[in-house]
Amino acid sequence: MQTQLKIKLSLFMFLQYFIWSCWYMTLGSYLGTVLKFNGEQIGLAYGAFAWGAILSPFIVGLIADRFFASEKIIAVLGVVGGLVMLGIPQLKTFGAVYPMLILYCTLYAPTLALGNSISMTHLADAKKDFPFVKIFSAVGWIAGGVVLSQLKAEQSTLQYYLAGGSSIVFGLFALVLPHTPPKKKGQDVSLGEVLGLDALALLKRPAFAIFILCMFLICIPLYFYFVNMGSYLTQLKWEDMAQKMTLAQVSDILFLILLPLMLKKLGYKKTIFLGIFAWVTRYFMLSASASGTGTLLIFGAILLHGVCYDFLFIAGQLYVDSEANERIRGAAQGLIAIILWGFGSLVGTYLAGYFMEQHKLAAPKGDITHDWSAIWATPAWIALGVLVLFLIFFREPRGTTSAR
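Reading the values: the criteria
Residues numbered from 1 in each chain as written. Predicted model: local features only at pLDDT ≥ 70, side-chain atom pairs only at ≥ 80, totals over all residues. Heavy atoms only, no water. Helix = DSSP H or I, 4+ residues; strand = E, 2+ residues; numbered from the N terminus. Expected span 1.5 Å × (residues − 1). Buried < 20%, exposed > 50% of the residue type's maximum accessible area, 1.4 Å probe, protein only. Contact = heavy atoms within 4.5 Å. Core = buried A, V, L, I, M, F, W, Y, C linked by side-chain atoms within 4.5 Å. Salt bridge = Lys/Arg side-chain N within 4 Å of Asp/Glu carboxyl O. Phe/Tyr/Trp six-rings, centres within 6.5 Å; stacked < 30°, edge-to-face > 60°. Lys NZ or Arg CZ within 6 Å of the ring centre and 35° of its normal. Patch = residues over 30% accessible without salt bridge, like charges linked within 9 Å, V, L, I, M, F, W, Y side chains within 5 Å. Areas by Shrake-Rupley, 256 points an atom, 1.4 Å probe, with all protein chains shown as cover. Pairing = 2+ DSSP bridges. Bend = angle between axes of the 7 residues up to and from the residue. Axes fitted to C-alpha atoms, helices over the stretch in contact; angles between N-to-C directions. Parallel < 35°, antiparallel > 145°, perpendicular 65-115°, else oblique. Nonpolar A, V, L, I, M, F, W, Y, C, P; charged D, E, K, R; others polar.

**Observations regarding helix 5 (residues 70-87)**
- Along its 18 residues, helix 5 runs 26 Å from first to last C-alpha, staying within 8% of the 26 Å computed at 1.5 Å per residue.
- Listing the buried residues of helix 5 in full gives Ser70, Glu71, Ile73, Ile74, Ala75, Leu77, Gly78, Gly81, Gly82, Val84 and Met85.

Next up, the structure:
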């Protein structure tokens, strides 16, 4: 039974991230090249996912946990989200595209938490088996990028049809997942519990407060990569852009495997330090790449993704889990999710688009329409500031502790 369950959950993760990969990394390229949106509009469009992350707890906490089985909610969200995505290619103005993206992301984002919840509930040894299942999310992302490039759809409406059709398949597939009834059926759920506010007690600890502050601040430079990379590579005339960018997920799989060893050998502070340092290095490499023939530097920056993501955010989530007791563990993970993918994303995506627009060249140099060296240097210096703040003020926890 567990083998069959793991196969189903792995396919679920594959489809979930295949959908995301089909449109997210190439959104900026499509909006800028095809629809001629400016930098600020592209930044706001990427921020649609932040609104989805902010609104997601209301769907999960107020609806899924109280009234309906998780697999049925995912089925509805997947099918309706797919229909919304299929409508996006018909829209040509920012005023039409932006709210539709927010609607789609609000439908998609809850499936991330619900899928993890189903996995944790039904896997016999979640700590051992969930990482293996989760690897297929990276495989799905890679597959989405490869298919997108093979179809030459990076700047085409085809990407939205592909994502929309896959989303409908994903929703229908959710119905074969094990039945997961609502956890709090018939119970009153407070708004504070839904938003993870119970975990605010952890902020009384100076080290945890510094950690949360640094996680929020690092989101500002982080989203420069997601918002601007597609536009940058498009202006450089990279072929099969989406396919080449999936090297980031290959790196992600490798360093996800190495993460437990790194945490054991180095602890949380040094591991997270390496994660932030990787972001500094990544952006200085991209800045240098814009000053000349920097193809190798760009590939290097892409391949750093595993260190950037796993050593910072996955290690960070494990740190939060170690600091929270059983009573507030779920609330603590909800809190960091809203900070990282909600408010942090909202600020980061807007500023990434704003700085892209501010560094638009008065006279384009061939296909290059922006000062990319300056654009990439901006998040590099911000990340360096966060690195110094973290290094000085964060203290390594003395073993696992519990919130009082």
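**What about the side chain of threonine 271?**
- Among the structural elements, threonine 271 can be located in helix 12 (residues 247-289).
- For threonine 271, the contacting residues outside a window of four places in its chain are Leu259, Met262, Leu263, Leu266, Phe311 and Ala315.

**A closer look at the nonpolar core**
- Ranked by internal contacts, the top residues of the largest apolar core, which has 124 residues, are Trp23, Tyr225 and Met229.
- Broken down by element, the residue count for this core peaks at 18 residues, all from helix 10 (residues 206-235).

**Re the pattern of salt bridges**
- Tallied over the full model, the rule gives three salt bridges.
- One salt bridge connects aspartate 129 with lysine 6, and the closest N-O pair in it is separated by 3.6 Å. Of the two residues, aspartate 129 is situated in helix 7 (residues 126-150) and lysine 6 in helix 1 (residues 2-23); the sequence distance between them amounts to 123 residues.
- Its relative accessible area of 24% is what places lysine 6 among the partly exposed residues.
- Between lysine 152 and aspartate 240 there is a salt bridge, and its shortest N-O distance comes to 2.7 Å. Taken together, the residues lysine 152 in the loop between helix 7 and helix 8 (158-173) and aspartate 240 in the loop between helix 10 and helix 11 (241-245) connect sequence positions 88 residues apart.
- Under the relative-accessibility criterion, aspartate 240 is labelled partly exposed at 22%.

**Quick look at the packing of aromatic side chains**
- For the structure on display, the rule yields 42 aromatic pairs.
- Both rings, one in phenylalanine 14 and one in phenylalanine 18, keep their centres 6.1 Å apart while their planes meet at 20°; by these two values the pair is stacked. Remark: phenylalanine 18 and phenylalanine 14 occur in helix 1; sequence separation between them is four residues, near one turn of the helix.
- On the basis of relative accessible area, phenylalanine 18 is assigned to the buried category, the value being 11%.
- When the centroid spacing of 4.7 Å and the interplanar angle of 65° are considered together, the rings of phenylalanine 211 and tyrosine 319 count as edge-to-face. Placement of the pair is phenylalanine 211 in helix 10 and tyrosine 319 in helix 14 (residues 305-323), with a sequence separation of 108 residues.
- A relative accessible area of 0% places phenylalanine 211 in the buried class.
- Assessed through its relative accessible area of 1%, tyrosine 319 is described here as buried.
- Taken together, the ring pairs connect Tyr17, Trp20, Trp23, Tyr24, Tyr46, Phe49, Tyr104, Tyr108, Trp141, Tyr223, Tyr225 and Phe226 into an aromatic cluster.
- Over the aromatic face of tryptophan 238 sits the side chain of lysine 244, whose NZ or CZ is 5.2 Å from the ring centroid.

**Some words on the environment of cysteine 22**
- Note on placement: cysteine 22 falls in helix 1.
- If we skip the residues at most four places from it in the chain, cysteine 22 touches Gly144, Leu148, Gln159, Leu162 and Ala163.

**A few points about unusual backbone geometry**
- A positive phi angle is found at lysine 237, which is not glycine, with a value near 65°.
- Mapped onto the fold, lysine 237 is located in the loop between helix 10 and helix 11.
- For lysine 237, a relative accessible area of 56% gives the class exposed.
- At aspartate 240, a residue that is not glycine, the phi angle is positive and equals roughly 50°.

**Topic: a nonpolar patch on the surface**
- Judged by side-chain polarity, Val388, Leu391, Ile392 and Phe393 come together as a nonpolar surface patch covering roughly 360 Å² of accessible area.
- Along the chain, isoleucine 392 falls in helix 16 (residues 372-393).

**Quick notes on the pairing of strand 1 (residues 360-365)**
- Of all six residues that make up strand 1, zero are buried, and the element is exposed over most of its length.
- Sheet topology places strand 1 next to strand 2 (residues 368-370); two bridges connect them, and they run antiparallel. Bridged to lysine 365 within strand 2 is isoleucine 368.
- Linking strand 1 back to strand 2 in an antiparallel pair, the connection comprises two residues, with glycine 366 at a positive phi of about 70°.

**Topic: the environment of tyrosine 225**
- Secondary-structure assignment places tyrosine 225 in helix 10.
- Note: C-alpha distance between tyrosine 225 and leucine 286 (61 residues apart in sequence) is 9.6 Å.

**Concerning helix 10**
- End to end, helix 10 covers 45 Å across 30 residues, agreeing with the expected 44 Å (1.5 Å per residue, within 8%).
- The largest bend in helix 10 amounts to roughly 45° and is located at asparagine 228.
- With 25 of its 30 residues buried, helix 10 lies for the most part within the structure.
- The positive-phi residue at the C-terminal boundary of helix 10 is lysine 237, with phi of around 65°.

**Some details on the packing of helix 3 (residues 39-46) against helix 6 (residues 94-122)**
- Between helix 3 and helix 6, whose axes approach to 9 Å, the crossing angle comes to 20°. Between helix 3 and helix 6, the crossing angle belongs to the class labelled roughly parallel. Contacts between helix 3 and helix 6 pair Gln41, Leu44 and Ala45 from the former with Phe94, Tyr98 and Leu101 from the latter.
- When its residues are assigned to classes, the contact of helix 3 with helix 6 shows five nonpolar, one polar and no charged.

**Quick notes on the side chain of threonine 234**
- Tracing the chain through its elements places threonine 234 in helix 10.
- Among the residues examined, threonine 234 registers a relative accessible area of 12% and is labelled buried.
- Not counting chain neighbours up to four residues away, the residues in contact with threonine 234 comprise Ser29, Thr33, Gln155 and Met241.

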